[in-house]
Amino acid sequence: MNIPERICLIAPPFKTAHGWVRVPPDGYGGIQWSMANLMDGLLVLGFRLTLLGAPGSTWPADRVEVPPVAEAEEIAGWLADNRPPLVHDFANFSDFHDHLPHGSAYCRTWQLTSVPPGCANTVYVSRAQLRSMAVPEAPVIPLPVNPNRYRLCPDKEDYLLFLGRISAWKGTYEAAALAEHLGTRLIVAGPSWEPDYKQRIVTDFGGVVTFAGEVADHARAQLIERAMAIAVLSQPVAGPWGQTWCEPGAAVVAEAAACGTPAIATDNGCLPSLIPGIGVLVPTGSRFTRLDTLTVERLPDPAQVRAVAVERWGYVGIASQYLAVYRDCVVGRRWK
Ligand code: UDP
């Protein structure tokens, strides 16, 4: 059986004060960025796409249909009425797998740290994520990046970048401690939903940290491109869903690498598997030593970093890896 020529993707139906979060997002949104990069790859491979859960997303209308449905019930209704032959679900908080029309093949990409519910052909985004869930075997496909959306910038400026949710498990505090230790600055871009945590950073490291707020478009691109490194110091503390945080996919690592910006990361979750060739590892916690200073001095060269990113996480290659999963779904294979 062949893969159908149109694939239906479901984005997490999230709403902010500005409306439905789109694909790609206008700010914070790792799942939406990973979808956009994969969609770019599927389009290159000649597929047509339907995007649910993200009305208002802008794509070429002749290749990508974006119906105005976002609420979970609307999506379920759309699926029942249109019976798409293949559904690829990124909603993560959904139970769409239990309510599929007869004849719709289904898989989902899981980007959380909790165990996915039911048996629904899950694709995990790192081996570390799969291991942390004690799932014996399932496809593992890392997050893609489309290098055409990211520009190589060989001339770096003297700052570290934190890009993401300002939260304990993402290690913003430790990134500030590292910047202070290295005698550089930290620019923090991203939403803050834990004001006490942010205040602690201001109190302890106010002299080295600048908060840029949530960034998008040109401001986002410039910050990523020009940073000396992106600090991805994820910590093994309680995450948003209760479990000890085990970094599942870390979209920012591939994004930064595509700009030639190396990563300074901890060994949390998927990070040690992403780092070879594109960055260095430092310990968890906020105490750093002379050894860490020396480690950071060995950051790889920007052109090499981008080349590794393209080779390892390039969007067309990752989309091709998904084709094997789609084939399995279409012939009726089932796994957790
Ligand atoms: N991001 C953004 N603007 C911001 C902060 C974050 O565009 O101000 C994006 C960032 O580029 C990445 C995503 O939000 O694509 C965060 O994803 P990641 O997987 O790194 O973190 P998580 O989803 O676990 O919070």
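A brief structural summary. Note that this is a predicted model, so its numbers are computed, not measured.

**A short note on the layout of surface pockets**
- Looking at the largest pocket, its volume works out to about 1200 Å³.
- If you list the elements that add at least two residues to the lining of the largest pocket, you get strand E2 (15-16), strand E3 (19-20), helix H1 (30-44), strand E9 (159-163), strand E12 (229-232) and helix H7 (251-258).
- Looking at which element gives the most residues to the lining of the largest pocket, the answer is H1, with four residues.
- When the residues that make up the lining of the largest pocket are grouped by side-chain class, the tally is 28 nonpolar, 12 polar and nine charged.
- Computed from the structure, the second largest pocket encloses a volume of approximately 260 Å³.
- Lining the second largest pocket are 16 residues, and of these Leu100, Ser104, Ala105, Tyr106 and Arg334 sit closest to its centre.
- Class assignment for the residues of the lining of the second largest pocket results in seven nonpolar, six polar and three charged.

**Here we look at the sheet that holds strand E7 (residues 105-110)**
- In spatial order, the strands read E5-E4-E1-E6-E7-E8; together these six strands make up an open sheet with parallel pairing. One side of each edge strand has no neighbouring strand; the edge strands of this open sheet are strand E5 (64-65) and strand E8 (122-124).
- Examined bridge by bridge, strand E1 (residues 6-10) and strand E4 (residues 48-52) share five bridges and lie parallel to one another. If you follow Leu9 over to E4, its bridge partner there is Leu51.

**Notes on the packing of aromatic side chains**
- Tallying each qualifying case throughout the model produces eight aromatic pairs.
- Their ring planes at 50° and their centres at 6.3 Å tell us that Phe93 and Trp241 sit as a pair that is tilted. Residue Phe93 is found in the loop between strand E6 (86-89) and E7, and its partner Trp241 is found in the loop between E12 and H7; the two are separated by 148 residues along the sequence.
- Through successive ring pairs, a cluster of aromatic residues spans Phe14, Phe93, Trp169, Trp241 and Trp245.
- Positioned above the aromatic ring of Phe211, the side-chain terminus of Lys198 is 4.6 Å from the ring centre.

**Some remarks on the site of the ligand**
- Surrounding the ligand, one finds 17 residues, the nearest of these being Tyr28, Lys170, Val215, Arg220 and Glu255.
- Between an oxygen atom of the ligand and a side-chain N or O atom of Tyr28, the distance comes to 2.6 Å.
- Measuring from an oxygen atom of the ligand, one finds a backbone N or O atom of Gly29 at 3.0 Å.
- For the ligand, whose free accessible area comes to 540 Å², the fraction covered by protein is 92%.
- With respect to the pocket detection grid, the ligand is positioned in the largest pocket.
- Residue assignment for the shell around the ligand shows that the elements contributing at least two residues are H1 and H7.

**Overview of helix H4 (residues 172-182)**
- For H4, the tally of buried residues reaches eight of 11 residues, placing the bulk of the element in the interior.
- Positive backbone phi, at 75°, marks Gly183, one or two positions downstream of H4.

**Notes on empty space enclosed by the protein**
- Scanning all chains against the criterion turns up four cavities of 30 Å³ or more.
- As a volume, the largest cavity reaches approximately 50 Å³.
- As for the largest cavity, its lining consists of Pro142, Leu143, Gly249, Ala250, Ala251, Val253, Ala254, Leu274 and Trp313.
- With three residues, the single largest contributor to the lining of the largest cavity is H7.
- For the lining of the largest cavity, the residue count by class is eight nonpolar, one polar and no charged.

**Some words on the pattern of salt bridges**
- Considering all chains together, one arrives at 10 salt bridges under this definition.
- Between Arg220 and Glu255 there is a salt bridge, and its shortest N-O distance comes to 3.2 Å. On the criterion of sequence distance, the pair formed by Arg220 in helix H6 (residues 217-226) and Glu255 in helix H7 is long-range, its members being 35 residues apart.
- Using a relative accessible area of 9% as the deciding quantity, one classes Arg220 as buried.
- In this structure Glu255 comes out as buried when scored by relative accessible area, which is 5%.
- For Arg333, the salt bridge identified is with Asp328, shortest N-O distance 2.7 Å.
- A residue is classified by how much of its surface remains accessible, and Arg333, at 42% relative accessible area, is partly exposed.

How each quantity is defined
- Residues numbered from 1 in each chain as written.
- Predicted model: local features only at pLDDT ≥ 70, side-chain atom pairs only at ≥ 80, totals over all residues.
- Heavy atoms only, no water.
- 1 Å grid on protein atoms, 1.4 Å probe; cavity = no way out; pocket = protein on both sides within 12 Å on 5 of 7 lines; lining within 4 Å.
- Points joined across faces, edges and corners; volume = space filled by probe spheres on them.
- Helix = DSSP H or I, 4+ residues; strand = E, 2+ residues; numbered from the N terminus.
- Nonpolar A, V, L, I, M, F, W, Y, C, P; charged D, E, K, R; others polar.
- Pairing = 2+ DSSP bridges.
- Phe/Tyr/Trp six-rings, centres within 6.5 Å; stacked < 30°, edge-to-face > 60°.
- Lys NZ or Arg CZ within 6 Å of the ring centre and 35° of its normal.
- Near = heavy atom within 4 Å.
- Polar contact = N/O pair within 3.5 Å; in protein donor to acceptor, adjacent residues only side chain to side chain.
- Areas by Shrake-Rupley, 256 points an atom, 1.4 Å probe, with all protein chains shown as cover.
- Sits in = over half its atoms within 2 Å of the grid points.
- Buried < 20%, exposed > 50% of the residue type's maximum accessible area, 1.4 Å probe, protein only.
- Salt bridge = Lys/Arg side-chain N within 4 Å of Asp/Glu carboxyl O.

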